[in-house]
Amino acid sequence: MTSCTQGARAAASSRMEAKAVPQLADRDAEVFIAQAVRELVASGIPFLVAGTYAVSAYTGISRSTKDLDIFCKAGDYARILAHFKARGYAVEIEDDRWLGKVFKGRHFFDVIFASSNGTMPVSDQWFEKARRIELNGSHVSIIAPTELIWSKCFVQQRDRYDGADVAHVILRAHDQIDWHKLLGYLEVHWEVLLIHLLNFRWIYPTERDKVPLWLLDELLDRLAAQRELPLPQTKICRGRMYSHSDFEIDVKEWGFADVGGDGEARSE
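Described below are features of the structure shown in this document. As the structure is a prediction and not an experimental result, all values here were calculated from the model.

1. Re the packing of aromatic side chains
At step 1: Applying the stated criterion across every chain yields a total of 12 aromatic pairs.
At step 2: With a centroid separation of 6.5 Å and 55 degrees between ring planes, the pair formed by Phe32 and Tyr89 is classed as tilted. You can see Phe32 sitting in helix α2 (residues 29-43) and its partner Tyr89 sitting in the loop between α4 (74-85) and β5 (90-95), a full 57 residues away along the chain. Both residues of the pair, Phe32 and Tyr89, belong to the buried class.
At step 3: Taken together, a centroid distance of 4.4 Å and an interplanar angle of 40 degrees make the contact between Tyr77 and Phe113 tilted. Of this pair, Tyr77 sits in helix α4 while Phe113 is found in the loop between β7 (107-112) and α5 (125-128), placing the two residues 36 residues apart along the sequence. The exposure classification of Tyr77 matches that of Phe113, with both residues buried.
At step 4: Through successive ring pairs, a cluster of aromatic residues spans Phe71, Trp126, Trp150, Phe154, Tyr185 and Tyr242.
At step 5: Sitting over the ring of Tyr89, Lys104 keeps its end group 4.2 Å from the ring centre.
At step 6: The aromatic ring of Phe256 is capped on one face by Lys235, whose charged end is 4.5 Å from the ring centroid.

2. What about the nonpolar core?
At step 1: Among the nonpolar cores identified, the biggest contains 71 residues, and Val49, Leu68, Phe71, Phe109, Trp126, Ile142 and Ile170 are the most heavily contacted of them.
At step 2: Sequence-distant contacts of Phe71, defined by excluding residues within four places in its chain, comprise Phe47, Leu48, Ala50, Ile112, Met120, Val122, Trp126, Ile143 and Ser151.

3. Examining the pattern of salt bridges
At step 1: The full count for this structure, using the stated rule, is 22 salt bridges.
At step 2: Note that Arg160 and Asp162 form a salt bridge whose closest N and O atoms lie 3.0 Å from each other.
At step 3: By relative accessible area, which is 45% here, Arg160 ends up partly exposed.
At step 4: On the basis of relative accessibility, which here comes to 5%, the residue Asp162 falls in the buried class.

4. Remarks on the packing of helix α3 (residues 51-59) against helix α7 (residues 163-173)
At step 1: Remark: α3 packs on α7, axes separated minimally by 9 Å, with the N-to-C direction vectors making an angle of 35 degrees. In the packing of α3 onto α7, the handedness of the crossing is left-handed. For the pair formed by α3 and α7, the contact residues are Val55, Tyr58 and Thr59 on the first element and Asp165, His168, Val169, Arg172 and Ala173 on the second.

5. So, unusual backbone geometry
At step 1: Backbone geometry at Asn136 places phi at a positive 50 degrees, although glycine is not the residue there.
At step 2: Of note, Asn136 is situated in the loop between β8 (131-135) and β9 (138-142).

6. Some words on α3
At step 1: Most of α3 is tucked away, with nine of its nine residues classed as buried.
At step 2: Along α3, the residues classified as buried are Gly51, Thr52, Tyr53, Ala54, Val55, Ser56, Ala57, Tyr58 and Thr59.

7. Let's talk about the layout of surface pockets
At step 1: Space inside the largest pocket adds up to approximately 770 Å³.
At step 2: Lining the largest pocket are 33 residues, and of these Asp69, Trp98, Val155, Arg160 and Asp162 lie nearest its centre.
At step 3: At the level of secondary structure, the elements contributing two or more residues to the lining of the largest pocket comprise α3, β3 (64-65), β4 (68-71), β6 (99-104), β7 and α6 (145-152).
At step 4: The element that contributes the greatest number of residues to the lining of the largest pocket is α6, accounting for three residues.
At step 5: By volume, the second largest pocket is sized at about 310 Å³.
At step 6: Lining of the second largest pocket is provided by 13 residues; of these, Ser116, Asn117, Arg240, Ser243 and His244 occupy positions nearest its centre.
At step 7: Among the residues forming the lining of the second largest pocket, the class breakdown is four nonpolar, five polar and four charged.

8. Regarding the pairing of β8
At step 1: Every second residue of β8 is oriented toward a common face, the buried set being Arg131, Ile133 and Leu135 and the non-buried set Arg132 and Glu134.
At step 2: Summarising the sheet, β8 and β9 pair through five bridges and their orientation is antiparallel. Note on β9: the bridge partner recorded for Glu134 is His139.
At step 3: Count of turn residues in the β8/β9 antiparallel hairpin: two residues, of which Asn136 carries a positive phi of about 50 degrees.

Rules and cut-offs
Residues numbered from 1 in each chain as written. Predicted model: local features only at pLDDT ≥ 70, side-chain atom pairs only at ≥ 80, totals over all residues. Heavy atoms only, no water. Phe/Tyr/Trp six-rings, centres within 6.5 Å; stacked < 30°, edge-to-face > 60°. Helix = DSSP H or I, 4+ residues; strand = E, 2+ residues; numbered from the N terminus. Buried < 20%, exposed > 50% of the residue type's maximum accessible area, 1.4 Å probe, protein only. Lys NZ or Arg CZ within 6 Å of the ring centre and 35° of its normal. Core = buried A, V, L, I, M, F, W, Y, C linked by side-chain atoms within 4.5 Å. Contact = heavy atoms within 4.5 Å. Salt bridge = Lys/Arg side-chain N within 4 Å of Asp/Glu carboxyl O. Axes fitted to C-alpha atoms, helices over the stretch in contact; angles between N-to-C directions. Left-handed = near helix turned anticlockwise from the far one by under 90°. 1 Å grid on protein atoms, 1.4 Å probe; cavity = no way out; pocket = protein on both sides within 12 Å on 5 of 7 lines; lining within 4 Å. Points joined across faces, edges and corners; volume = space filled by probe spheres on them. Nonpolar A, V, L, I, M, F, W, Y, C, P; charged D, E, K, R; others polar. Pairing = 2+ DSSP bridges.

Put into structure tokens, the structure is as follows:
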């Protein structure tokens, strides 16, 4: 079999029909989204469609969204912004650690290459199992369910919580999730994964078999081993990985260490 034929078959096998598409909060944005997606494809820079568009594609949930989330590697982030700037779009670097925006008038899309808490750098791995869908007349790569869950695990703020998205993706795309890979992404923060899995089991008691038993056993075994250990000596609050503002008082007034930096010693 020729490499050309193999490539064609691989491309065909990655294609999927989106189960739904979001409803744009501003219907006038549809033309902007279509043009932006065509320009992204024409640029030749690798990118992934994520966010609400991906949730809709995998779950069939069609909900309102105000924009489009585009994920890329950190090295391509500036290239995408520069590409659009050269074509008359306005660009903004909202946070050089993870987020830029591309505007035309009041419409925009996000260019994301990591998470705000630094745990989620987009890498080549994100593109390995990406699927292909048609979006506004263009064929694009869409984030795989594994990385989609990973991208939403830490979105837990007072005014935004993506746990429902995680549960719905597990429910509707569990057979497409690479559970070993997901555990690898959350290796350091395995308790966050356990929280989401227990949340799923509670929400869908009849669907518990959608999560492999080996994974639950592994996480519960870690929990059992952890219970036998002494408490950490440094007071730590990882809550700011969920919400920078909601857990600000813990770091600024109560003596807890942030994700990085020093904290007070735990009193006996």
